[in-house]
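Structural overview
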Number of protein chains: 2
Amino acid sequence: MSEMPNPQRIAELAAEMEAHGTARDAPVRAVMALLGDRWTTLILLVLEAGEWRHAELKRVLGRLSSEQAISQRVLTLKLRTLERDGFVLRAISADIPPKVSYKLTAMGAGLCSEARRLIMWVNEREPQIEEARQTFDASD
Amino acid sequence: MSEMPNPQRIAELAAEMEAHGTARDAPVRAVMALLGDRWTTLILLVLEAGEWRHAELKRVLGRLSSEQAISQRVLTLKLRTLERDGFVLRAISADIPPKVSYKLTAMGAGLCSEARRLIMWVNEREPQIEEARQTFDASD
DNA sequence: CCGCATCCTAGGCGATACTG
DNA sequence: CAGTATCGCCTAGGATGCGG
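None of the values given here were measured: they were computed from a predicted structure. (Residues numbered from 1 in each chain as written. Chains lettered and ligands numbered in written order. Predicted model: local features only at pLDDT ≥ 70, side-chain atom pairs only at ≥ 80, totals over all residues. Heavy atoms only, no water.)

1. Observations regarding the overall build of chain A
Assigned secondary structure in chain A consists of seven helices and three strands. Helices and strands appear in chain A in the N-to-C order α-α-α-β-α-α-β-β-α-α. Buried residues in chain A amount to 46% of all 140 residues. In chain A, 45% of the contacts between residues at least 6 apart in sequence involve partners at least 24 apart. Only carbon and sulfur atoms are counted for the fraction: they give 52% of the accessible area of chain A, which is about 7200 Å². (Helix = DSSP H or I, 4+ residues; strand = E, 2+ residues; numbered from the N terminus. Buried < 20%, exposed > 50% of the residue type's maximum accessible area, 1.4 Å probe, protein only. Contact = heavy atoms within 4.5 Å. Areas by Shrake-Rupley, 256 points an atom, 1.4 Å probe, with all protein chains shown as cover.)

2. Structural notes on the protein's contact with DNA strand C
Residues in close proximity to DNA strand C total 18 residues, the closest being A:His54, A:Ala55, A:Tyr102, B:Arg73 and B:Lys78. In DNA strand C, atoms within 4 Å of the protein come 58% from sugar and phosphate. In the environment of DNA strand C, a phosphate oxygen lies 2.6 Å from a nitrogen or oxygen atom belonging to the side chain of A:His54. Here A:Val100 contributes a backbone N or O atom positioned 3.2 Å from a phosphate oxygen of DNA strand C. Breaking the surface near DNA strand C down by element, the ones donating at least two residues are helix H4 (54-64), helix H5 (72-84) and strand S3 (100-104) of chain A together with helix H5 (72-84) of chain B. Among the elements that line the surface near DNA strand C, the one with the most residues is H5(A), at four residues. Classifying every residue of the surface near DNA strand C gives five nonpolar, five polar and eight charged. (Near = heavy atom within 4 Å. Polar contact = N/O pair within 3.5 Å; in protein donor to acceptor, adjacent residues only side chain to side chain. Nonpolar A, V, L, I, M, F, W, Y, C, P; charged D, E, K, R; others polar.)

Taken by themselves, the reported measurements are silent on function.
What follows is the structure, given as structure tokens:
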């Protein structure tokens, strides 16, 4: 017979959860959602390579994605979010016309490392996952 | 003057990205999206405490979330996804009426650890993030 | 070159009601 | 109790065109 978790255990979990909040824009949830979305992780990995102009960045991301290019709207949106949370630095040169470039902050580089770690973890388990999927799809 | 990344660097990045694919249901993207969604991480953390019946799980998740309870539909959905990918084990007892319970697989426990690590990383930087947000919102 | 406004679609999620 | 079906909302994200 398997034991079900008791109320005390539940209280512990509740406390732990409260710690990082569940509000939609709370940093924890916001950042996790960021890493989970369509483009942000890709953007972080590219930015890790150096400093990029908006247009260049867009071009490279389009080349990397086997499916489709990122739309300009979304790229701007994602960069803004990353900038707002302190992961990306946006610099505007004094030139005419002014040039805009983006690069990671120190914290942004850290986030990128975390993302990379996660990616590697999943990659190592990809065979297991694929196998589980086939078993599941075949039986039930 | 800042140097822009060269084409070679881009090629390297491309190779790295190809490695984990960008297809929507590719394991890497699927799992990252999972951790980023509204409920999955919470579910993993609760399941880490032991084995749960569907109804119990729903109740506890509702209590943990400061906002709202999870809908039955979504809970079933998330559990199915986790089960399909090999992170969760679903057991049906031979009783009348049959009882359904869920627990983590070994790989599921691993994923939960990864999620927890990420959560902790972000939590430690929450002050920086909040500060960055205020600066951003105030100026621009 | 960069960003914004507008419009549109797909999918995540909640609520409810119904089967075994 | 567990799961499904249907509905409707809201948001992520793509396409296009305009303005600085």
